[in-house]
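Given next are the chains, with one letter for each unit.
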Amino acid sequence: MTSPDDTHDAGRPAAPATTPTSRDVARAAGVSQATVSLVLGDKWRGRVSERTAGLVREAARGLGYRPNLAARNLRLGRTRTALLVVPALTNEFFARVYAGAARTAAEQDFGVVLYPSPDGTGPARDPFASARAALDGVIASSMAAGSLGAIRGAGLPLVMLDSDPADPGAAAHVNLDIADGMRQVTEHLLALGHRRFVHLASAVDSWTFDVRSGALRAALRRAPDAVVRTVPAPLDVHGARRAAELALTGPGPRPTALVCDDDILAAGACKALRRLGLRVPEDVSVTGFDDLALATAVEPELTTVRLPAEQVGERGMAALLAVLDGRRPEGGDLPVELIVRGSTARA
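Residues numbered from 1 in each chain as written. Predicted model: local features only at pLDDT ≥ 70, side-chain atom pairs only at ≥ 80, totals over all residues. Heavy atoms only, no water.

Remarks on the overall build of the chain
- Check the secondary structure of the chain and you find 13 helices and eleven strands.
- Here the chain holds 347 residues, and the buried ones make up 48% of them.
- Counting only contacts in the chain whose residues sit at least 6 apart along the sequence, the fraction spanning at least 24 positions is 70%.
- Within the structure as shown, the chain displays about 16,600 Å² of accessible surface, and the carbon and sulfur contribution to it stands at 53%. (Helix = DSSP H or I, 4+ residues; strand = E, 2+ residues; numbered from the N terminus. Buried < 20%, exposed > 50% of the residue type's maximum accessible area, 1.4 Å probe, protein only. Contact = heavy atoms within 4.5 Å. Areas by Shrake-Rupley, 256 points an atom, 1.4 Å probe, with all protein chains shown as cover.)

Encoded structure:
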């Protein structure tokens, strides 16, 4: 049996849960509200100890506290949005770069807008009426130095990935040790006795492919009896197949190794060899570059150079955040790794 008071309480709507505030977080962590603002605004380094920052984050998580990002962004004049410009969405490498950048951005309550340049590595247009009003900064992956004029004109911080480090217009650069990757490929083939090479080179005008070509020729100079012929190819399987067929049926001794600028080109080279009745690697060895999923989808699987694409994206976003905060970005090229599989053998 219920009392009148019980009946009254049962019919009364429940009081709304109180939304936690920064004052609640400060009280739970035993710090000031200013300290909470520093930690949750990622401005604490050099001002607050690691232990105190951890206490604040733990208190915020425990209370379910989320900063009012809209108010903070308005106060700071920030959109907390970065633009990632890539040459194409069809290449797995750039999808992995985006995944790394987006993961790092999310940790700092940033968003990343992915923008494929309409003309590949050619000039990229400003995708917004005013990039400066919509973005805090731009990250550009594997773009030609002169292709970002419209975006540079917005006056936003620019971080260049896998691009010419001599470009003075970028606030930071993040590069892979591309030259070392090609050196590893060349030394591997030379050790297998190969001396007649065809370089199936990407026809895309880009710093990263120029570096691959230069590194291959520099490494081959160590073997005086080695010869190399460069054959440009479109960056697609069918174009690479046609270019490889011409290289393999041309005058002179047949090459024993095809060194390809990309796994996509290597897949085309393997198709060309099969069409000509030649075996990989018994008759001709083939190498790729990037270690895309395609590298293990072909048979035999490709010997290639593994590029840590997600790490490139992570470090690119971290570099942009550092520039925005007035900090020096992390330097040094990211290492790459030769992955030896079934497409290479003794000459």
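Next comes the rest of the write-up.
A look at the sheet that holds strand S4 (residues 158-161)
- With parallel pairing, five strands are arranged side by side in an open sheet as S2-S1-S3-S4-S5. Looking at the sheet topology across the chains shown, the edges are occupied by strand S2 (111-116) and strand S5 (172-174). Each strand axis lies, on average, 20° off the axis of its neighbour in the sheet, ignoring direction.
- Sitting on the sheet, helix H6 (residues 92-107) touches strand S1 (81-86), S2, strand S3 (137-141) and S4, and the angle it makes with S2 is about 160°.
- Each of S1, S2, S3, S4 and S5 touches helix H13 (residues 309-324); the most contacted strand, S5, lies at about 165° to it. (Pairing = 2+ DSSP bridges. Axes fitted to C-alpha atoms, helices over the stretch in contact; angles between N-to-C directions.)

A short note on the pairing of S2
- Relative to S2, S1 runs parallel, the two sharing six bridges. Bridging from a neighbouring strand, Leu83 pairs with Val113 of S2.
- With H6 bridging S1 and the parallel S2, this β-α-β connection has right-handed handedness. (Right-handed = clockwise from strand over helix to strand, strands pointing away.)

Comments concerning the packing of helix H11 (residues 237-249) against helix H12 (residues 263-275)
- Remark: H11 packs on H12, axes separated minimally by 7 Å, with the N-to-C direction vectors making an angle of 50°. For the element pair H11 / H12, the angle class is oblique. By crossing handedness, the relation of H11 to H12 is classed as right-handed. Each of Val237, Ala240, Arg241, Ala244, Glu245 and Leu248 in H11 lies in contact with H12, whose residues at this interface are Ile264, Leu265, Ala267, Gly268, Ala269, Lys271, Ala272, Leu273 and Arg275.
- Tallied by class, residues from the contact of H11 with H12 come to ten nonpolar, one polar and four charged. (Parallel < 35°, antiparallel > 145°, perpendicular 65-115°, else oblique. Left-handed = near helix turned anticlockwise from the far one by under 90°. Nonpolar A, V, L, I, M, F, W, Y, C, P; charged D, E, K, R; others polar.)

Examining the packing of aromatic side chains
- In total, this model carries one aromatic pair according to the counting rule given.
- For the pair Phe93 and Phe94, a centre-to-centre distance of 5.4 Å together with 85° between the ring planes defines the contact as edge-to-face. The pair formed by Phe93 and Phe94 is uniform in burial state, with each residue classed as buried. (Phe/Tyr/Trp six-rings, centres within 6.5 Å; stacked < 30°, edge-to-face > 60°.)

Remarks on the environment of Val198
- Mapped onto the elements of the fold, Val198 is located in strand S6 (residues 196-202).
- Val198 sits in the buried class, given a relative accessible area of 2%.
- For the pair Val198 and Val227, spaced 29 residues apart in the sequence, the C-alpha separation amounts to 8.4 Å.
- Not counting residues up to four positions away in its chain, the partners in contact with Val198 are Arg229, Val231, Ala247, Pro255, Ala257, Leu258 and Val259.

Here we look at unusual backbone geometry
- Looking along the chain, the bond that leaves Val280 and enters Pro281 is cis, with omega of 5°.
- Along the chain, the position of Pro281 falls in the loop between H12 and strand S9 (285-287).
- Each neighbour pair has its own omega, and for Glu299 with Pro300 the value is 0°, a cis peptide bond.
- Inspection of the secondary structure puts Pro300 in the loop between S9 and strand S10 (304-306).
- Residues other than glycine seldom take positive phi values, yet Asp162 does so here, at roughly 50°.

Considering helix H2 (residues 22-29)
- Within H2 the residues assigned to the buried category are Ser22, Val25, Ala26 and Ala29. Relative to the axis of H2, the buried residues are bounded by an arc of 100° and lie together on one face. Opposite the buried face of H2, by more than 90 degrees, sit the exposed residues Arg27 and Ala28.
- Next to the buried residues of H2 lie helix H3 (33-40) and helix H4 (50-63).
- In the segment just after H2, Gly30 is the residue with positive phi, at about 70°. (Arc of directions from axis to C-beta.)

Quick word on helix H10 (residues 207-220)
- With 14 residues, H10 extends 20 Å between its outermost C-alpha atoms, agreeing within 8% with the 20 Å of an ideal straight helix rising 1.5 Å per residue.
- Turning to H10, its buried residues number three or more, namely Thr208, Phe209, Val211, Arg212, Ala215, Leu216, Ala219 and Leu220. Summarising the axial view, the buried residues of H10 lie within an arc of 155°, below the 170-degree limit, and thus occupy one face.
- Summarising the contacts, the buried residues of H10 are in contact with helix H9 (178-191), S6, strand S7 (227-233) and strand S8 (257-260). (Expected span 1.5 Å × (residues − 1).)

A word on the pattern of salt bridges
- Scanning all chains against the criterion turns up 15 salt bridges.
- The salt bridge partner of Arg183 is Asp180, with a shortest N-O separation of 3.8 Å. Residue Arg183 and its partner Asp180 are located together in helix H9, separated by three residues, close to a single helical turn.
- The exposure class of Arg183 is partly exposed, given its relative accessible area of 28%.
- Owing to a relative accessible area of 25%, Asp180 belongs among the partly exposed residues under this scheme.
- Notably, a salt bridge pairs Arg241 with Glu245, separated by 3.1 Å at the nearest N-O pair. Of this pair, Arg241 and Glu245 both sit in helix H11, four residues apart, roughly one helical turn. (Salt bridge = Lys/Arg side-chain N within 4 Å of Asp/Glu carboxyl O.)

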